[in-house]
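Below are the chains, spelled out letter by letter.
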Amino acid sequence: MGEKIDILVSATFVLPLEDKTILKDAAVAIKGDRIVAVGKTDDLSQRFSPKTYLQYENALVMPGLVNGHTHIPMTLFRGRADDIPLMEWLENHIFPLEAKLRPEWVYWGTLLGCAEMIMSGTTCLCDMYLFADEVAKAINKAGLRAIVGEVLYDFSSPNYGPIEKGFVYTENLIKKWQGHSLIQVAVEPHAVYTCSPTLLKKAKELAEKYDTSFVIHLSETKTEIKQVKERFGLTPVMYLAKLGILDERVIAAHCVWLTEEDIDTLQKHQVKVIHNPESNLKLASGIAPVPALLKRGITVGLGTDGPASNNDLDMFLEMDTAAKIHKLSQRNPTVMSAWEVLKMATIDGARALGLSDVGTLSPGKKADLIVVDLNQPHLMPLYDVVSHLVYVASGKDVITTIVDGKILMENRKLLTLDIEEIYSQVNYLHLKA
C-alpha cells in the first residue's frame, strides 16, 4: 500500500503550467487542500493510495482559470441593457436596477454565476459588488476561491447607505472573513469618476491597515478620461499616483486608455492590471494596450467583467478574444501568443490577485484544477494543446472542477450546488423584478 492521499487525478495529458512542458499519461496527487505530486500515472499510482481515483481518457488536467475581474450577481441583469455605451448603460439602466436590489437577490444571483464558473473551468475570481457579504457566502457555499469586496462610491448605496457606513461595512467584512481558506476581502472603490479624493485616500488607508488588495476600475473609457482631466487636470492613473494610491497591492481593472506616462507609472508602482476584452468590445470602450503593458513587465490578468456587460463568465471564450483582438489592433499575428494568453488566465491572473499558491500544478500549491475533455470534434486532431485551449475550447469542454482539494463538479455534475433550486429562485426573482 502506498502513501494515503485523498484524490489522484490521471489523464492523457497534464499541463502544470510551470513552463511549456506537457506531461503525457500523467497524474496529480492531492492530499487535503494541497497538491503533493505531479508525474507519470504509473509512478504515482504505485506511490500513492487514494481515497478517490479519477481516471480520464483523452483528457487534459490543468490549473483552474482565474477570473480577475467580475460582478457575479449581475447574472440577474444579463440581457437587460444591451447595445448602449458604458456611461448610459451605468447611469440610466444598471444603477437604477441596483437601487432596488435586496440581499437575497444578490445571494441567488451569485450562486447562479458560481455554477456557471464551476461548469466553465474558473476556480478563482475577484468580485466587486453590492451586499458583498452575501456574495462571499454564496461563493463559499459553491466552494470557489475568491477575493470579494463591497463597491464604494460617493452616492448612497442600496446596501449601506452613506459612504461613512460603507467603510464600516467593509471593515466588518474584512474582520469576518479574515483567515478564511477560500475568501479574502479587498477594499474596492468603484472608480476615480465616482469617488472623491477623500474616499479614495480613506479606502487606501483601510487597505493598508489590513494589508489587503485595493481594487478599482481605471481608465476604462474616453469619457472617463475627459471627466477626470476636466476635474483634476490629470489622467486617472496620474491622479491616483498624485494621491499616493498606487502600489503593488492595487488591482486596476480595464486600463484601456493609457498614455506612455500612465504605463511608466503603472510599471513604477507595480500595479496589477486586469484585461476585460469582451466587455470592452461590447461596450465599445476600446482595446487596452496589453502588448505594451507586457513588454514593460507589468502583470496582466484576464477577466470577464460582469455577466450584464459580457454577457457570460466563460474564461475560455475570454482567452480566445484576448488573443485575437490584439493581433488585429497591432496588425501583427505574432503578438499575444496562445501561451501568453493562457498564462494571463492562470498563473499571471493569480499573481495579479496576489495569490502565490494557485495558478500552476506544483507540489505544495493549492489543489485548484480542472479536467478538459479532448474527445470532441472541435478539439481534433490535436497538434498543439495550448493552441486548442485558447483558440478552440470553451467552458463546455470542462468535465471536472476541483478547488482546495474538494471536487465541485465531476463529469459535468455539480456536487456543491443544487442547480435546479438556483434556476427556480433566479427565475422567480426575474419575474418579481
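This report concerns the structure included in the present document. (Residues numbered from 1 in each chain as written. Predicted model: local features only at pLDDT ≥ 70, side-chain atom pairs only at ≥ 80, totals over all residues. Heavy atoms only, no water.)

### Considering the pattern of salt bridges
Should the charged atoms of two oppositely charged side chains come close, the side chains can pair.
Right, so step 1: The final tally for this structure, using the stated rule, is 22 salt bridges.
Right, so step 2: A salt bridge links D6 to K51, with the shortest nitrogen-to-oxygen separation between them at 3.5 Å. Note that D6 is positioned in strand β1 (residues 3–14) and K51 in strand β4 (residues 48–55), a separation of 45 residues in sequence.
Right, so step 3: Judged by its relative accessible area of 22%, D6 falls in the partly exposed class.
Right, so step 4: Of the charged contacts, one joins R78 and E116 as a salt bridge, the two residues approaching to 3.1 Å between their closest N and O atoms. Of this pair, R78 sits in the loop between β6 (65–70) and α2 (86–98) while E116 is found in helix α3 (residues 103–118), placing the two residues 38 residues apart along the sequence.
Right, so step 5: In the salt-bridge network here, residues are joined through shared partners; they are D33, R34, R145, D357, K366, D368 and D404. (Salt bridge = Lys/Arg side-chain N within 4 Å of Asp/Glu carboxyl O. Helix = DSSP H or I, 4+ residues; strand = E, 2+ residues; numbered from the N terminus. Buried < 20%, exposed > 50% of the residue type's maximum accessible area, 1.4 Å probe, protein only.)

### Notes on the environment of S49
Right, so step 1: In this fold, S49 is placed in strand β4.
Right, so step 2: Along the chain, S49 and I5 lie 44 residues apart, while their C-alpha atoms are 6.0 Å from each other.
Right, so step 3: Contacts of S49, omitting those with residues within four sequence positions, involve M1, G2, E3, K4 and I5. (Contact = heavy atoms within 4.5 Å.)

### Points about empty space enclosed by the protein
Which parts of space are left empty comes out when a probe the size of a water molecule is rolled across the atoms.
Right, so step 1: Scanning all chains against the criterion turns up 2 cavities of 30 Å³ or more.
Right, so step 2: Here the largest cavity is characterised by a volume of approximately 230 Å³.
Right, so step 3: Those elements that provide at least two residues to the lining of the largest cavity are α2 and β7 (122–129).
Right, so step 4: Sort the elements by how many residues they give to the lining of the largest cavity and α2 lands first, with 6 residues.
Right, so step 5: Its residues assigned to classes, the lining of the largest cavity shows 13 nonpolar, 5 polar and 3 charged. (1 Å grid on protein atoms, 1.4 Å probe; cavity = no way out; pocket = protein on both sides within 12 Å on 5 of 7 lines; lining within 4 Å. Points joined across faces, edges and corners; volume = space filled by probe spheres on them. Nonpolar A, V, L, I, M, F, W, Y, C, P; charged D, E, K, R; others polar.)

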